[in-house]
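Structure at a glance
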Amino acid sequence: MRDLSRLFQPRSIAVIGGGAWCANVIEQCAKMGFAGPVWPVHPTRSELGGVAAYASLDDLPGVPDAVFIGVNRTLTIETVARLRAMGAGGAVCFASGFREAQAETGDGDSLQEALLAAAGEMPIIGPNCYGFINYLDGALLWPDQHGGERAERGVAVLTQSSNMAINITMQARALPLAYVGTAGNQAQIGLSEIGAAMLEDPRVTALGLHIEGIGDLRAFEALAARARALGKPVVALKVGKSEQAQKAAVSHTASLAGSDAGARALLRRLGIGQVESLPGLLEALKLLHFAGPLASNGVASMSCSGGEASLMADTGLGRDIRFPPLDEGQRVGLRAALGPMVALANPLDYHTFIWGDGAAMGRTFAAMMGGEEIAMGCLVVDFPRIDRCSDAAWDCVLEGAGHAARAVGKPLALVATLPEALSERVAARAIAEGLIPMLGLDETLCAIEIAARMGKAVVPEPLTLPGAREPGARETGVAHVLSEAEAKAALASHGLAVPRSERVESRAALGEAAARAAYPVVLKSEGLAHKTEAGGVALGLKDAAGVTQAAGSMPGETFLIEEMIEGGVAELLIGVVRDPAHGFVLTLGAGGTLTEILRDSGSLLLPTTEDAVRDTLHGLRIAPVLAGYRGKPGADMGAILAAVMAVQDYVLAHADEIDEVEINPLIVTPTRAVAADALIRKGDKDE
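Residues numbered from 1 in each chain as written. Predicted model: local features only at pLDDT ≥ 70, side-chain atom pairs only at ≥ 80, totals over all residues. Heavy atoms only, no water.

Summed over the entire model, instances satisfying the criterion amount to 39 salt bridges. We note a salt bridge from Lys-682 to Glu-657, for which the minimum N-O separation is 3.5 Å. Here Lys-682 is found in strand β30 (residues 678–683), whereas its partner Glu-657 is found in the loop between α24 (637–653) and β28 (658–668), with 25 residues between them in sequence. In this structure Lys-682 comes out as buried when scored by relative accessible area, which is 18%. Residue Glu-660 pairs with Arg-681 through a salt bridge whose shortest N-O separation is 3.2 Å. (Salt bridge = Lys/Arg side-chain N within 4 Å of Asp/Glu carboxyl O. Helix = DSSP H or I, 4+ residues; strand = E, 2+ residues; numbered from the N terminus. Buried < 20%, exposed > 50% of the residue type's maximum accessible area, 1.4 Å probe, protein only.)

As structure tokens, then:
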């Protein structure tokens, strides 16, 4: 990995260019108290941003550690080459018009190649990039205003959007920011390498990523591995849709997997927390900064309102959050603090009998958090707006909560249901008391869910099988779809159980084949993507006459006569789709005719393990059916796992050509798991 320490923790900064953007860099460094020299460079100006300028790089009193290049794209290339020659530590390339503008300019690709050649081994961020802010050292290679302040330690946040980076600096959530950075078009250094470099700073506690696309899968895996080694959590807000999953209209798998299933599976596999909103990202980072990963997902919720207690309980539904029942020790402590008139539960409505008595409130909160299953406490409280009201009566909350946090030694969050009901002023007081100010019930529980998941030991999985085709491969949009018989034979050679079957090549041969069959059987018309909807399947046929009659109403000229799999407990789907951005996505879910109705599925990336497959199956809504529901027989889990592993084995063996594999349904019985239908789609490629 490249050493980026001179660039991100510079002792000297040079600013090349003379516009307002460059002046802003200089002024912001002065405003934030950067201790080292800032050297403006301009051929005709005597000063820039209130600092004396140098006519050229040759006139500088030293070699700069970090350089902001704010000139046009052609001069940017020349400047990068000169900086490399003089041994500069690295640069931010502000100019646009490189690869991101190829469609408009026609020369963006060639200019970007020239830029990379000019840089050589010297690190460059961008081009088309705002740069970064180092709030720890007051070093800003940043051409605009921002809303942050100096910090001794905090989180790093990286985004592929400069405007979003500006917005993040404007947060008023008491989240200490160590770095805010952008990656531009990532010509040389990608988001993963920037993130890994910032995690190396011991003052950084966690990393937040806003990701539009993961360009380098191996670099992203390396980032996650380094974060694990350093014990620093990573949280991501992933946006954008993969085009791959929209291509395969011939199967159910694509519609189930969705365009972001690969990204979700990748983040989960790597132990990276995923959020769905920018507020969720910031709140998750805040909890991880102050509390780190949690021992469990057990939460003690407290409020002085039954409505808030109910709202907290309802908000937790669907999340991997527990509000454990009170144990005897909690009940004894709570009854002593609250008296006989308060109903004891978790979430707790402690009423207002003790409001104003900070000591009694502290005993209540401490008793509530003392339960063995409790990893952290949430005190739901909204403070009055002080421009129209007084919040003096809320001092007791801070007093009592601070006492409880110190006494119990577990994280305790002040949770405002409305963001505007917990100001930065109050948040600062809360932090001084050892509390964690959190904004929003849903964002808070999302953060707890992520922190609790990160508290579990993570066993690194094998490297993901890349989904992008090797260089030289050619995709024409023409797919080769194997027949059902061919697909089953291919998968059976890797261990998949399939029904006994005979292929009938014409209607004329149907009667003779039917006479040989062992009944009951299934008759299928070949060549149909969705046989059931097209009337191409007849089940439970008991004799040759039934086969002939069923064939009369079916389309097509070739057929399969197959063993009828009886005694089914459930029908499952096993699907694998090539995702160029994230790898091969394995989807497991409810199968058969209910696939699209139930939309009950989970996704993993290949290669995976039997344990991961088992956990995914246990997470499905049909899991109770597989286990044996209301006294009925359960499915043979070993046979199901063997079927999934057989599909994986086939894909791994043919990864260079496979675009999609689907088993739907896999009929599971108490003793078997048999692929009743199979589809394999191969992409066109150069040999």
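Time to look at the layout of surface pockets. The space that makes up the largest pocket amounts to roughly 1,600 Å³. In this structure, the largest pocket is lined by 43 residues; those nearest its centre are Arg-268, Arg-269, Arg-453, Ser-603 and Leu-604. Among the elements of the structure, α9 (252–257), α10 (261–269), β14 (273–275), α17 (441–454), β27 (601–605) and α22 (610–618) are those that each provide at least two residues to the lining of the largest pocket. Top element by residues in the lining of the largest pocket is α10. It accounts for six residues. Class assignment of the residues belonging to the lining of the largest pocket gives a composition of 17 nonpolar, 11 polar and 15 charged. Lining the second largest pocket are 35 residues, and of these Lys-531, Thr-532, Asn-664, Pro-665 and Asp-677 sit closest to its centre. Those elements that provide at least two residues to the lining of the second largest pocket are β22 (521–525), β23 (537–541), β24 (559–563), β28 and β30. Here the lining of the second largest pocket gets four residues from one element, more than from any other, and that element is β28. Across the lining of the second largest pocket, the residue classes break down as 16 nonpolar, eight polar and 11 charged. (1 Å grid on protein atoms, 1.4 Å probe; cavity = no way out; pocket = protein on both sides within 12 Å on 5 of 7 lines; lining within 4 Å. Points joined across faces, edges and corners; volume = space filled by probe spheres on them. Nonpolar A, V, L, I, M, F, W, Y, C, P; charged D, E, K, R; others polar.)

The geometry of α22 relative to α24 is characterised by a closest axis approach of 10 Å and an angle of 115° between their N-to-C directions. When you trace α22 past α24, the crossing you get is right-handed. Within the contact between the two elements, α22 uses Glu-610, Val-613, Arg-614, Leu-617 and His-618 and α24 uses Met-637, Ile-640, Leu-641, Val-644 and Met-645. A class-by-class count of the residues in the contact of α22 with α24 yields seven nonpolar, one polar and two charged. (Axes fitted to C-alpha atoms, helices over the stretch in contact; angles between N-to-C directions. Left-handed = near helix turned anticlockwise from the far one by under 90°. Contact = heavy atoms within 4.5 Å.)

A few words now on the confidence of the model for the protein chain. Taken residue by residue, the protein chain gives an average pLDDT of 92. The fraction at 70 or more is 95%. In this model, residues 244–258 is a region of pLDDT below 50 whose contacts with residues beyond four sequence positions or in other chains number 44 contacts. (pLDDT = per-residue confidence, 0-100.)

Below, the discussion takes up the environment of Met-376. Of note, Met-376 is situated in strand β17 (residues 376–380). Relative accessible area serves as the criterion here: at 1%, Met-376 is assigned to the buried category. Sequence spacing of Met-376 and Gly-306 is 70 residues, and the spatial spacing of their C-alpha atoms is 20 Å. Once residues lying within four places of it in the same chain are set aside, the contact partners of Met-376 are Leu-287, Leu-294, Gly-298, Val-299, Ala-300, Pro-411, Ala-413 and Ile-448.

Strand pairing in a sheet is mediated by backbone hydrogen bonds. Such pairs are either parallel or antiparallel. If you walk across this open sheet you meet the five strands as β2-β1-β5-β6-β7, and the pairing is parallel. Edge positions in the sheet fall to β2 (38–41) and β7 (124–125), since each has one partner strand and no second. Where helix α3 (residues 73–86) meets the sheet, its contacts fall on β1 (13–16), β5 (66–69), β6 (91–93) and β7, and the angle it forms with β5 comes to roughly 165°. (Pairing = 2+ DSSP bridges.)

What follows deals with the packing of helix α12 (residues 306–316) against α17. Closest axis-to-axis distance for the α12/α17 pair is 10 Å, and the angle between their directions is 50°. As the angle between them shows, α12 and α17 are arranged oblique. Here α12 runs over α17; the crossing is right-handed. Along its contact with α12, which presents Leu-311, Met-312, Thr-315 and Gly-316, the element α17 presents Leu-441, Asp-442 and Leu-445. Here the contact of α12 with α17 is built from residues that sort into four nonpolar, two polar and one charged. (Parallel < 35°, antiparallel > 145°, perpendicular 65-115°, else oblique.)

As summarised here, the arrangement of the seven strands in space is β9-β8-β11-β10-β12-β13-β14, forming an open sheet in which the pairing is mixed. Looking at the sheet topology across the chains shown, the edges are occupied by β9 (139–141) and β14. Each neighbouring strand pair of the sheet contributes to a mean axis angle of 15°, computed without reference to strand direction. Judged from the five bridges that link them, strand β12 (residues 204–211) and strand β13 (residues 234–238) form a sheet pairing that is parallel.

Quick look at the pairing of strand β10 (residues 154–159) now. A large share of β10 lies buried, amounting to six of its six residues. Two elements, β10 and strand β11 (residues 177–182), share five bridges in a ladder whose sense is parallel. In the sheet register, Thr-159 faces β11, and the bridge partner there is Thr-182. Assessed by its sense of winding, the connection that carries the chain from β10 through helix α6 (residues 162–169) to β11 is right-handed. (Right-handed = clockwise from strand over helix to strand, strands pointing away.)

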